[in-house]
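Here is how the chains run, residue by residue.
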Amino acid sequence: VISGKELDLLGDEEFKKASKRFDREAKALKKITEKSNTPEHNADITPTYYAEGLLPNGKKFIVMEKINGVTLEQLMLQSDRKPLTTNVVLNVGALAATSFAMFHKQGYVHRDIKLSNIMLRTDGRVKLLDVGMHRATDEESDEQLTGSGAALGTLTTMSPEQLEDAQNADEKSDVWSMGCVLFE
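Residues numbered from 1 in each chain as written. Predicted model: local features only at pLDDT ≥ 70, side-chain atom pairs only at ≥ 80, totals over all residues. Heavy atoms only, no water.

Enquirer: Would you explain the packing of helix 3 (residues 86–105) against helix 5 (residues 171–183) in this entry?
Expert: When two helices pack together, their arrangement is given by the angle between their axes and by how far apart the axes lie. Closest axis-to-axis distance for the helix 3/helix 5 pair is 11 Å, and the angle between their directions is 160 degrees. Accordingly, the angle class assigned to the pair helix 3 and helix 5 is roughly antiparallel. The way helix 3 lies across helix 5 gives a crossing that is right-handed. Contact residues: helix 3 offers V89, G93, A96, F100 and H104, while helix 5 offers E171, D174, M178 and L182. (Axes fitted to C-alpha atoms, helices over the stretch in contact; angles between N-to-C directions. Helix = DSSP H or I, 4+ residues; strand = E, 2+ residues; numbered from the N terminus. Parallel < 35°, antiparallel > 145°, perpendicular 65-115°, else oblique. Left-handed = near helix turned anticlockwise from the far one by under 90°. Contact = heavy atoms within 4.5 Å.)

Here it is as structure tokens:
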């Protein structure tokens, strides 16, 4: 079963930046899938990448694995925003931390960790979603997409250094953001 994501290419300068981020997301998903060798080895990082391209209507697309499960945001809504039990928070937190450690080991910083970007699969595993704002740790700079001093991510879970300058966000920023998610 597959899922897709698309982006309309028509638009102003912000759309051009979004398009470049979309391309980077496809490249990262593809690289993680290739490094993992098989979808089973990618089970705890990101959706498995299958293809990308351009539709006749001018929209870019990425085809990836369809994941059965709920995001942490959906899980919170199902509980009417009541706090989850300590055991659930600890278990999901440990799974998510393992996924982020593997993501970092692949050479990426997520930069947009929030409840809606962590999915708990029906088999109990965790997948990281929406890696379009990631930064590859081996890149000198992503200034063409993220201006110096620009904040990038979700304000409620953003680390102080990322808020000051998204280019400075590193693995420690993701750890801060994961702590904010667990607190939520």
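Let us keep going from here.
Enquirer: When you look at the environment of K27 in this model, what are you seeing that I'm missing?
Expert: Secondary-structure assignment places K27 in helix 1 (residues 13–36). Separated by 25 residues in the primary sequence, K27 and E52 have C-alpha atoms spaced 9.2 Å apart.

Enquirer: Please clarify how the nonpolar core should be interpreted in this entry.
Expert: Soluble globular proteins: nonpolar side chains tend toward being buried together. By size, the foremost hydrophobic cluster in this structure holds 27 residues, and its most contacted members are I62, L72, F103, I118, M178 and V181. Apart from residues lying up to four places away in sequence, F103 is in contact with I32, I45, T46, Y108, V109, H110, L128, V131 and H134. (Core = buried A, V, L, I, M, F, W, Y, C linked by side-chain atoms within 4.5 Å. Buried < 20%, exposed > 50% of the residue type's maximum accessible area, 1.4 Å probe, protein only.)

Enquirer: I'm lost on the pairing of strand 3 (residues 59–65) in this one. Help?
Expert: Side chains on a regular strand alternate between the two faces of the sheet. In terms of residue burial, strand 3 counts as a mostly covered element, since five of its seven residues are buried. Hairpin remark: strand 2 (residues 49–54) followed by strand 3, antiparallel, with four residues in the connecting loop; positive phi at G58, about 90 degrees. (Pairing = 2+ DSSP bridges.)

Bear in mind that shape data such as this cannot, by itself, settle questions of function.
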